[in-house]
Amino acid sequence: MTAIGIYGSAGRMGRAIADLIEGEGATLAGGCDSRDDPDALAKSADVLVDFSIAGALDVHLAAARAARTPIVIGTTGLSPAQHAAIDAAATEIAVLQTGNTSLGITLLANLVREAAARLGTDWDIEITEMHHRHKVDAPSGTALLLGEAAAAGRGHSLSELRVDGRAGLVGARTEGTIGMAALRGGSVIGDHEVIFAGEGERLTLGHFAQDRTIFARGAVRAALWLAGQVPGRYRMGDVLGL
């Protein structure tokens, strides 16, 4: 069976993945947190999953690269420099980086891309997300993933169209932009909605997480799939053949 190692094993997601692994036909190679040796874990695992913090990614990615071990990266809040490091690592190992490992979110992103491509720029796109009070990054990695899907559907990058939380006298909405708003409170696991607002009608595509297990199950499925892939940078859509 495939041995999966977990970076960030003491966190919510790390614990959820560890609890699920054996039931998914895999084994736990071990876990690693700030006081542990990331290189030792990388050498003992067939594939790694990282749900730690953005500040630890560079060390974990270097360990995976040195051991030639595939890695699923679910950590969010990554910088452009870290994305460049992922690109470089993907020339030597298989890397799957995603803002969300839910299979439902993966399908939602595909639907958002299709809707954005089919509807004209006279349909305004707004993305809202809500998470628990402890989440440290905003917008969420999932909101950015959905924003990238919407922008790609219109032939642009998200950086070209993105407008974050409006305040004050900002003027009329610019056609073709993608608005993003983040809410934080309570124990919300993750709610995401993509709103397409046209003249006289509105289309809303959404996903509401009710149990953190959905992310763990998707992460394990991604890890099992990635373990057999050649070096390259992959996404959750590849796991589902989208």
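Residues numbered from 1 in each chain as written. Predicted model: local features only at pLDDT ≥ 70, side-chain atom pairs only at ≥ 80, totals over all residues. Heavy atoms only, no water.

With an unreviewed UniProt entry as reference, the chain is termed 4-hydroxy-tetrahydrodipicolinate reductase, source organism Sphingomonas parapaucimobilis NBRC 15100. The heading Function (unreviewed entry) in the UniProt record of the chain holds the text "Catalyzes the conversion of 4-hydroxy-tetrahydrodipicolinate (HTPA) to tetrahydrodipicolinate." (UniProt positions renumbered as here; feature names shortened; annotations may be inferred.)

A.B. asks: Any chance you could explain the pattern of salt bridges here in plain terms?
C.D. replies: When the charged atoms of two side chains lie near each other, side chains of opposite charge can form a pair. What the rule picks out here adds up to eleven salt bridges. Note that arginine 65 and glutamate 92 form a salt bridge whose closest N and O atoms lie 3.0 Å from each other. Here glutamate 92 lies in the loop between α4 (80-89) and β5 (94-97) and arginine 65 lies in helix α3 (residues 57-67), a separation of 27 residues in the sequence. By relative accessible area, glutamate 92 is classed as partly exposed at 31%. Taking the shortest distance from any N to any O, the salt bridge between glutamate 126 and arginine 166 comes out at 2.8 Å. Residue glutamate 126 is located in strand β6 (residues 124-131), and its partner arginine 166 is located in the loop between β7 (162-164) and β8 (178-184); the two are separated by 40 residues in the primary sequence. (Salt bridge = Lys/Arg side-chain N within 4 Å of Asp/Glu carboxyl O. Helix = DSSP H or I, 4+ residues; strand = E, 2+ residues; numbered from the N terminus. Buried < 20%, exposed > 50% of the residue type's maximum accessible area, 1.4 Å probe, protein only.)

A.B. asks: How do you make sense of the domain arrangement of the chain when you look at a structure like this?
C.D. replies: As a measure of interface size, the accessible area lost when the parts come together is often cited. Segmentation of the chain into domains returns domain 1 (3-101 + 213-240) and domain 2 (103-210). Distance between the C-alpha centres of domain 1 and domain 2: 26 Å. Facing the 14 residues of domain 1 at the interface are 13 residues of domain 2. Applying the counting rule to domain 1 against domain 2 returns zero salt bridges. Seen at the junction of domain 1 and domain 2, the total is four residue pairs in polar contact (both at pLDDT 80 or more). Every element with two or more residues in the side of domain 1 that touches domain 2 is listed here: α8 (213-226) and α9 (236-239). If you tally residues by element for the side of domain 1 that touches domain 2, the top one is α8, at four residues. (Domains from an automatic or database assignment. Contact = heavy atoms within 4.5 Å. Polar contact = N/O pair within 3.5 Å; in protein donor to acceptor, adjacent residues only side chain to side chain.)

A.B. asks: What is the right way to look at the packing of helix α5 (residues 103-118) against helix α6 (residues 141-153) in this model?
C.D. replies: Think of two packed helices as two axes; the pair is described by the angle between the axes and how far apart they sit. Closest axis-to-axis distance for the α5/α6 pair is 7 Å, and the angle between their directions is 30°. Our classification of the angle between α5 and α6 gives roughly parallel. Like other packed secondary-structure pairs, α5 and α6 cross with a definite hand, here right-handed. Residues Ile105, Leu108, Ala109, Val112, Arg113, Ala116 and Ala117 of α5 form the contact with α6, whose own contacting residues are Thr142, Leu145, Leu146, Ala149, Ala150, Ala152 and Gly153. In terms of residue class, the contact of α5 with α6 is built from eleven nonpolar, two polar and one charged. (Axes fitted to C-alpha atoms, helices over the stretch in contact; angles between N-to-C directions. Parallel < 35°, antiparallel > 145°, perpendicular 65-115°, else oblique. Left-handed = near helix turned anticlockwise from the far one by under 90°. Nonpolar A, V, L, I, M, F, W, Y, C, P; charged D, E, K, R; others polar.)

A.B. asks: So what exactly am I meant to see when it comes to the UniProt feature "domain: Dihydrodipicolinate reductase C-terminal" (unreviewed entry) in the chain here?
C.D. replies: Feature annotation in UniProt places "domain: Dihydrodipicolinate reductase C-terminal" (unreviewed entry) on residues 104-240, given in this structure's numbering. Helix makes up 36% of residues 104-240 and strand 28%, with an end-to-end C-alpha separation of 11 Å.

A.B. asks: Would you take a moment to explain a nonpolar patch on the surface for this structure?
C.D. replies: A cluster of nonpolar side chains, namely Leu107, Leu111 and Leu242, defines an oily patch on the protein surface of about 240 Å² accessible area. Along the polypeptide, leucine 111 turns up in helix α5. (Patch = residues over 30% accessible without salt bridge, like charges linked within 9 Å, V, L, I, M, F, W, Y side chains within 5 Å. Areas by Shrake-Rupley, 256 points an atom, 1.4 Å probe, with all protein chains shown as cover.)

A.B. asks: Explanation requested: the pairing of β5 in the structure shown.
C.D. replies: One face of the sheet, then the other: side chains in a regular strand alternate in exactly this way. Burial along β5 is two-sided: the face carrying Ala94 and Leu96 and the face carrying Val95 and Gln97 are both buried. On the question of chirality, the crossover connecting strand β4 (residues 71-73) to the parallel β5 by way of α4 is right-handed. The pairing of β5 with strand β11 (residues 232-234) spans three bridges and is parallel. By the bridge assignment for β11, leucine 96 is matched with tyrosine 234. (Right-handed = clockwise from strand over helix to strand, strands pointing away. Pairing = 2+ DSSP bridges.)

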